[in-house]
Amino acid sequence: MAEKPLELYRDYIEGEPGDILLAPGIIFREMQFLNVLILFVITVVTVHAQRGYIHNGSALSFLVNCGAVPVLFWKLPVCVMILILCLLLLLSIPCNNHPELVIKLLLEYGISIWISALTGFGYTGMVMLLLADAMRYRIDWKKRIAYIIVICVFYVAMSGSFFKSALNVIPIDQMWSYYRVDVRNMFLGILNMLALVNTLIFVLYMVVLTLSQTSEKERILRLNSQLQVANRKLEEYAEEQVRMTETKERNRLAREIHDTLGHSLTGIITGIEACIMLMDIAPEATKEQLRAIAEVARNGITDVRHSVNALRPDALENLDFEQALVKLVEESGKSTGVRIDFSFPGTLKNLDQDEEDVIYRIVQESITNAIRHGRASHIMIRITHSSNDIHIHIADNGKGCNDVHSGFGLHHMKERVEMLKGTISWNGENGFVIDATVPIRVDTEEDS
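Since this is a predicted model, take the numbers as computed values, not measurements.

## Looking at the sheet that holds strand S2 (residues 378-385)
Sheets are built from strands that pair by backbone hydrogen bonding, the pairs being arranged parallel or antiparallel.
Okay, so step 1: Read from one edge of the open sheet, 5 strands run S1-S2-S3-S5-S4, paired in mixed fashion. Looking at strand neighbours, the two that pair on one side only are strand S1 (339-343) and strand S4 (423-427), the edges of this open sheet. The average angle at which neighbouring strand axes cross in this sheet is 10 degrees, direction not considered.
Okay, so step 2: Sheet topology note: the S2/strand S3 (residues 389-396) ladder contains 7 bridges and is antiparallel. Looking at S3, one finds that Ile 383 is bridged to Ile 392.

## Description of empty space enclosed by the protein
Okay, so step 1: Taken as a whole and assessed by the stated rule, the structure comprises 1 cavity of 30 Å³ or more.
Okay, so step 2: Of the volumes computed, that of the largest cavity is approximately 50 Å³.
Okay, so step 3: As for the largest cavity, its lining consists of Asn 35, Val 36, Leu 39, Ile 84, Leu 87, Leu 88, Met 126 and Leu 129.
Okay, so step 4: Among the secondary structure elements, those contributing two or more residues to the lining of the largest cavity are helix H1 (24-55), helix H3 (75-92) and helix H5 (126-135).
Okay, so step 5: In terms of residue class, the lining of the largest cavity is built from 7 nonpolar, 1 polar and no charged.

## Quick look at the pattern of salt bridges
Okay, so step 1: Overall, the coordinates contain 5 salt bridges when judged by the stated rule.
Okay, so step 2: Between Asp 133 and Lys 104 there is a salt bridge, with its nearest N and O atoms 3.1 Å apart. Highlighted residues: Asp 133 in helix H5 and Lys 104 in helix H4 (residues 98-118), separated in sequence by 29 residues.
Okay, so step 3: Given the relative accessible area of 0%, Asp 133 is considered buried.
Okay, so step 4: Residue class for Lys 104 comes out buried when judged on its relative accessible area of 5%.
Okay, so step 5: The closest approach of N and O atoms between Glu 418 and Lys 414, which form a salt bridge, is 4.0 Å. With Glu 418 and Lys 414 both in helix H14 (residues 408-419) and 4 residues apart, the pair spans about one turn of that helix.
Okay, so step 6: With relative accessibility at 43%, the residue Glu 418 sits in the partly exposed group.
Okay, so step 7: Under the relative-accessibility criterion, Lys 414 is labelled partly exposed at 37%.
Okay, so step 8: Members of the salt-bridge network, linked through shared partners, are Lys 104, Asp 133 and Arg 136.

## Digging into the nonpolar core
Okay, so step 1: In terms of nonpolar packing, the biggest core is built from 60 residues, with Met 31 and Trp 176 touching the most fellow members.
Okay, so step 2: Of all elements in the fold, only H1, helix H2 (59-66), H3, H4, H5, helix H6 (141-159), helix H8 (172-175) and helix H9 (181-278) reach the threshold of two or more residues within this core.
Okay, so step 3: A total of 11 residues in this core trace back to one element, the largest contributor, which is H1.
Okay, so step 4: Other than its neighbours up to four places away in sequence, Trp 176 contacts Ile 42, Val 45, Thr 46, Ala 49, Tyr 53, Arg 184, Phe 187, Leu 188 and Leu 191.
Okay, so step 5: Counting residues in each nonpolar core, the second largest holds 34 residues, with Phe 344, Ile 367, Val 417 and Val 438 among its members.

## Here we look at a nonpolar patch on the surface
Okay, so step 1: Together, Phe 33, Leu 37, Phe 40 and Val 44 make up an exposed nonpolar region whose accessible area comes to about 420 Å².
Okay, so step 2: Turning to its location among the elements, Leu 37 is positioned in helix H1.
Okay, so step 3: Residue Leu 37 is classed as partly exposed on the basis of its relative accessible area, which comes to 34%.

## Thoughts on the packing of aromatic side chains
Okay, so step 1: Taken as a whole and judged by the stated rule, the model has 6 aromatic pairs.
Okay, so step 2: Measuring from centroid to centroid gives 6.2 Å for Phe 321 and Phe 344, while their planes differ by 65 degrees, and the two rings are edge-to-face. In this pair, Phe 321 sits in helix H12 (residues 321-336) while Phe 344 sits in the loop between S1 and helix H13 (353-372), placing the two residues 23 residues apart along the sequence. For the pair shown, Phe 321 and Phe 344 are each scored as buried.
Okay, so step 3: Among the aromatic side chains, those forming a connected cluster through ring pairs are Trp 176, Tyr 178, Tyr 179 and Phe 187.

## Regarding unusual backbone geometry
Okay, so step 1: With a phi angle near 50 degrees, Phe 121 is a residue other than glycine that sits in the positive phi range.
Okay, so step 2: Counting through the fold element by element, Phe 121 comes out in the loop between H4 and H5.
Okay, so step 3: Looking at Phe 121, the relative accessible area reads 7%, which means it is buried.
Okay, so step 4: The phi dihedral of Lys 421 falls on the positive side, at around 65 degrees, and the residue is not glycine.
Okay, so step 5: Mapped onto the secondary structure, Lys 421 falls in the loop between H14 and S4.
Okay, so step 6: A relative accessible area of 71% means that Lys 421 is categorised as exposed.

## Focus on H6
Okay, so step 1: When the terminal C-alpha atoms of H6 are compared, their 26 Å separation across 19 residues agrees well with the 27 Å that a helix rising 1.5 Å per residue should span.
Okay, so step 2: Those residues of H6 lying buried are Arg 144, Tyr 147, Ile 151 and Met 158. Projected down its long axis, H6 carries its buried residues within an arc of 65 degrees, all on one side. In H6, the exposed residues that point more than 90 degrees away from the buried face are Trp 141, Lys 142, Ile 149, Val 153 and Val 156.

## Points about the environment of Gly 122
Okay, so step 1: Mapped onto the secondary structure, Gly 122 falls in the loop between H4 and H5.
Okay, so step 2: Note on Gly 122: relative accessible area 24%, which makes it partly exposed.
Okay, so step 3: Gly 122 sits 53 residues away from Met 175 along the chain, and the two C-alpha atoms are 10.0 Å apart.
Okay, so step 4: Those residues in contact with Gly 122 that sit more than four places away from it in its chain are Ile 42, Ile 172 and Leu 191.

Cut-off values and rules
Residues numbered from 1 in each chain as written. Predicted model: local features only at pLDDT ≥ 70, side-chain atom pairs only at ≥ 80, totals over all residues. Heavy atoms only, no water. Pairing = 2+ DSSP bridges. Helix = DSSP H or I, 4+ residues; strand = E, 2+ residues; numbered from the N terminus. Axes fitted to C-alpha atoms, helices over the stretch in contact; angles between N-to-C directions. 1 Å grid on protein atoms, 1.4 Å probe; cavity = no way out; pocket = protein on both sides within 12 Å on 5 of 7 lines; lining within 4 Å. Points joined across faces, edges and corners; volume = space filled by probe spheres on them. Nonpolar A, V, L, I, M, F, W, Y, C, P; charged D, E, K, R; others polar. Salt bridge = Lys/Arg side-chain N within 4 Å of Asp/Glu carboxyl O. Buried < 20%, exposed > 50% of the residue type's maximum accessible area, 1.4 Å probe, protein only. Core = buried A, V, L, I, M, F, W, Y, C linked by side-chain atoms within 4.5 Å. Contact = heavy atoms within 4.5 Å. Patch = residues over 30% accessible without salt bridge, like charges linked within 9 Å, V, L, I, M, F, W, Y side chains within 5 Å. Areas by Shrake-Rupley, 256 points an atom, 1.4 Å probe, with all protein chains shown as cover. Phe/Tyr/Trp six-rings, centres within 6.5 Å; stacked < 30°, edge-to-face > 60°. Expected span 1.5 Å × (residues − 1). Arc of directions from axis to C-beta.

Structural data, given as structure tokens:
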């Protein structure tokens with residue numbers, strides 16, 4: 001599983017407008033400014049001491065006592081300034097993953113050690129700045145503790161004598177021995193005070209960052225809770241809409257049945273009962289009554305057909321037959337990702353609505369079954385026709401079924417075909433294959 005990309009925590013915490021003054025990002029930038037100021041003070045005082053040794057002629061004795069050669073006074077501020085700019089640039093670069101963060105921290109530590117070596121390891125508080133940089137990212141506690149341990153080890157090494165002896169660096173207090181004891185102590189006191197301020201700002205940064213993280217977690221939990229409530233309301237609303245739609249549809253169908261079949265059947269039943277009574281005593285009147293009953297039945301059939309028209313698919317209502325089938329196939333393929341090969345003669349014209357409905361429903365139900373039950377990834381649909389029949393062949397590469405039970409979909413598909421005096425068969429041994437033949441009432445060839 002791919003590792004989740006690293007993200008920075010937001011630069012503010014939620015609350016009153018004044019809380020932005022305690023934003024982790026702002027405190028982090030203040031730490032950067034303070035560290036630059038400390039290094040600037042150390043560099044200026046060190047350069048002034050070096051020039052003092054040269055002007056009063058004690059440079060040679062200083063070098064003999066130190067046993068090392070410091071960086072020339074004119075090179076020191078240039079090198080420190082360049083390294084500080086590189087460090088600030090690295091601190092401003094976000095990381096997308098842990099390898100990038102590790103490389104970035106190693107580069108920052110290298111630059112920090114270099115700056116500390118140039119300034120006599122008089123200040124090692126830059127390590128806190130690097131630790132603050134690492135803690136800005138959304139990482140789990142195991143990795144966070146690992147970063148803290150590694151950074152603390154570097155901090156102890158920089159504060160001890162390991163790097164000083166390994167790099168043959170002149171300590172800052174020895175470099176500042178040019179000044180009187182009281183002046184040197186004043187400078188060291190200022191340096192220690194600034195280092196203490198840096199430590200306090202770092203502690204404040206960690207506290208505010210922890211509060212920000214806690215606040216963000218609470219906000220996420222609150223939003224999740226609100227989202228769950230909204231989802232439940234939406235589900236309840238959707239269920240209510242379904243119930244209302246079903247009730248409305250039932251009422252509509254009930255009205256249609258009452259207004260069409262109910263009226264027609266009532267007239268037919270009444271007429272037949274009258275015919276039974278007149279059959280022996282008035283045969284001619286009975287025939288006339290039967291003619292009236294037949295007319296009522298025909299009118300009833302017409303009314304039923306008008307009612308059924310409202311149940312046709314929207315595609316068949318708004319498009320011609322071929323366009324409706326193409327739309328069905330394309331939308332099914334796009335929505336499911338299944339490849340559907342569709343072959344259509346393009347010469348099926350002037351079909352009756354019930355014939356179009358049956359073919360459309362066969363294609364629709366076959367695609368649904370192939371995807372839902374067969375888990376197919378490829379479906380082939382081929383529609384051909386002869387002079388009197390339309391042939392439908394649908395095959396898929398799904399898991400098939402050796403013992404096919406006629407469910408709701410297959411049962412109604414068969415009923416629809418048989419209503420038009422057609423035939424339908426299926427086979428589930430190798431994928432699932434459906435073959436249907438639907439008789440047609442008119443010639444489907446286009447007029448020449």
